[in-house]
Amino acid sequence: MANIVDNAEVERFAAMAGEWWDPKGKFRPLHQINPVRLGFLREEILGHTLRDGHAVKPFSALRILDVGCGGGLVSEPLARLGADVTGLDPSPETIAAARGHAAMQGLPIEYLAGTTDELAAQGRVFDCVIALEVVEHVPDVTAFLKSCAALMQPGGLLLLSTLNRTAKSYALGIVAAEYLLGWLPKGTHQWQRFVSPAELAAKLREAGLEPLRERGMSYDPIGGTWSLSGDCDVNYLASAAKPRS
């Protein structure tokens, strides 16, 4: 098995499995950035698949894999847009929480406890693979991206979000967010695992994928809101495609 899972990270998130859907709890930052992330996902997927964004369910029958799905904060909105969603997470406790919440919402999401290389070994392929706030938690980014590429059909789309490795990201993403403001539990991030956009693009190409687009996510401390921006110094999103042949 490729070195794509940090067991200590899995155990830490498993211990918080019951808090995923508390907007004021430990996953509050994810609830706050979710509208921005979903806006980027919608725009990229619609543009790549040439689907009608005005349709009631524009992602109808689109096979989407949500890697590191957690409690389903992204899986559920995608399912409501009509996608055939599979949520994947290495933590059985987290998957149990996601299944329970989806059942209460009446959403037919397939949730699996496991890893990308395990799923790829089963021959599964998807139109779109999503991995949000995952890259910075895996030991070997290239191996992880290669396992994601193996799960994509030719012409498929990969969507990522992560943190840049800059002095600014250390100050805001770790010192401020974890220690001064308490937005995240201490130890959530390891700065040395952050990946710059240039490094990510190189690793995507090494995995056989074509980098497409990058967008930053910026926080307005006065309004307390997040928005897409051209500033990728801290949080950013990226898309990449698998060649059709």
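Per chain, residue numbering runs from 1 following the sequence as it is written. Only residues with pLDDT of at least 70 are given local features in this predicted model, and only at 80 or more are side-chain atom pairs given and counted; all residues enter the totals for whole chains, interfaces and linings. Side-chain measures were taken over the full set of non-hydrogen atoms in the model, leaving aside hydrogen atoms and water.

Honestly, the overall build of the chain in this entry has me stumped. Any pointers?
Each helix is a run of DSSP H or I of at least 4 residues and each strand a run of E of at least 2, with the numbering of both proceeding from the N terminus. The helix and strand inventory of the chain stands at 8 helices and 8 strands. Expressed as lengths along the three principal axes of its C-alpha atoms, the size of the chain is roughly 45 × 40 × 40 Å. Each of the 245 residues in the chain was classed as buried or not, and the buried ones make up 52%. It only takes one pair of heavy atoms within 4.5 Å for two residues to be counted as in contact. Residue pairs at least 24 apart in sequence account for 68% of intrachain contacts in the chain once pairs closer than 6 positions are excluded. Surface accessibility follows the Shrake-Rupley procedure with a 1.4 Å probe radius. Residue values consider only the protein chains on display as shielding. Carbon and sulfur atoms provide 55% of the accessible area of the chain, an area that totals close to 10,800 Å². Under this rule, positive means Lys or Arg and negative means Asp or Glu; His and the chain ends count for nothing. The atoms used to mark charge sites are NZ of Lys, CZ of Arg, CG of Asp and CD of Glu. Averaged over its 23 positive side-chain charges, the chain has a centre that lies 3 Å from the centre of its 28 negative ones. Under the scheme applied here, a residue whose accessible area is under 20% of the maximum for its type counts as buried, over 50% as exposed, and between as partly exposed, the area being computed with a 1.4 Å probe on protein chains only.

Looking at this structure, I do not really get the packing of aromatic side chains. What am I missing?
Aromatic ring pairs: the centre-centre distance and the angle between the two ring planes describe each pair. Side-chain rings of Phe, Tyr and Trp, where Trp is taken by its six-membered ring, are said to pair if the distance between their centres is within 6.5 Å; with planes under 30 degrees apart they count as stacked, over 60 as edge-to-face, and otherwise as tilted. Applying the stated criterion to the full structure yields 3 aromatic pairs. Seen from their ring centres, Phe13 and Phe27 are 6.4 Å apart, and the 20° between their planes marks the pair as stacked. Here Phe13, found in helix H1 (residues 7-14), pairs with Phe27, found in the loop between H1 and helix H2 (28-49); they are 14 residues apart in sequence, far enough to count as distant. As far as the burial class goes, Phe13 and Phe27 line up, both buried. A centroid spacing of 3.7 Å and a plane angle of 10° characterise the contact between Trp20 and Phe27, whose relative ring orientation is stacked.

Before we go on, may I ask you to explain the sheet that holds strand S8 (residues 235-241) in this structure?
Strand pairing in a sheet relies on backbone hydrogen bonds. The paired strands run either parallel or antiparallel. A pair of strands is considered paired only if DSSP assigns at least 2 bridges between the two. In spatial order, the strands read S3-S2-S1-S4-S5-S8-S6-S7; together these 8 strands make up an open sheet with mixed pairing. With one partner strand each, in any of the chains shown, strand S3 (110-113) and strand S7 (225-229) form the two edges of the open sheet. In this sheet, adjacent strand axes meet at a mean angle of 20° when their direction is disregarded. The pairing of strand S6 (residues 210-220) with S8 spans 7 bridges and is classified as antiparallel. Bridging across to S8, Glu210 finds its partner in Ala241. Axes here refer to lines fitted to C-alpha atoms; in helices the fit is confined to the stretch in contact. Angles between the N-to-C directions go from 0 to 180 degrees. Strand contacts of H2: strand S1 (63-67), strand S4 (126-132), strand S5 (152-163), S6, S7 and S8, with the helix running at about 155° to S5, the strand carrying the most contacts.

Which parts of the structure should I look at to understand the pattern of salt bridges?
Pairing is possible between side chains that carry opposite charge, provided their charged atoms lie close to one another. For this analysis, a salt bridge means a side-chain nitrogen from Lys or Arg found within 4 Å of a carboxyl oxygen belonging to Asp or Glu. Scanning the model with the defined rule gives 10 salt bridges in all. Close ionic contact of Arg80 with Glu76 constitutes a salt bridge, the shortest N to O distance being 3.9 Å. On the criterion of helical spacing, the pair formed by Arg80 and Glu76 is a turn pair, its members being 4 residues apart in helix H3 (residues 75-80). With a closest N to O distance of 2.9 Å, Glu110 and Arg124 form a salt bridge. You can see Glu110 sitting in strand S3 and its partner Arg124 sitting in the loop between helix H5 (116-121) and S4, a full 14 residues away along the chain. A relative accessible area of 30% means that Glu110 is categorised as partly exposed. Classification of Arg124 as partly exposed rests on a relative accessible area of 24%. It is possible to trace a salt-bridge network through shared partners that takes in Glu43, Glu44 and Arg213.

Explain unusual backbone geometry to me, please; I cannot follow it from the model alone.
Leaving glycine out, the prevailing phi sign among residues is negative, and the prevailing peptide bond configuration is trans. Not every positive phi belongs to a glycine, and Leu50 is a case in point at roughly 55°. If you trace the backbone, Leu50 turns up in the loop between H2 and S1. Here the phi dihedral of Glu133 falls at roughly 55°; this positive angle occurs in a residue that is not glycine. Mapped onto the elements of the fold, Glu133 is located in the loop between S4 and helix H6 (141-150). Given the relative accessible area of 15%, Glu133 is considered buried.

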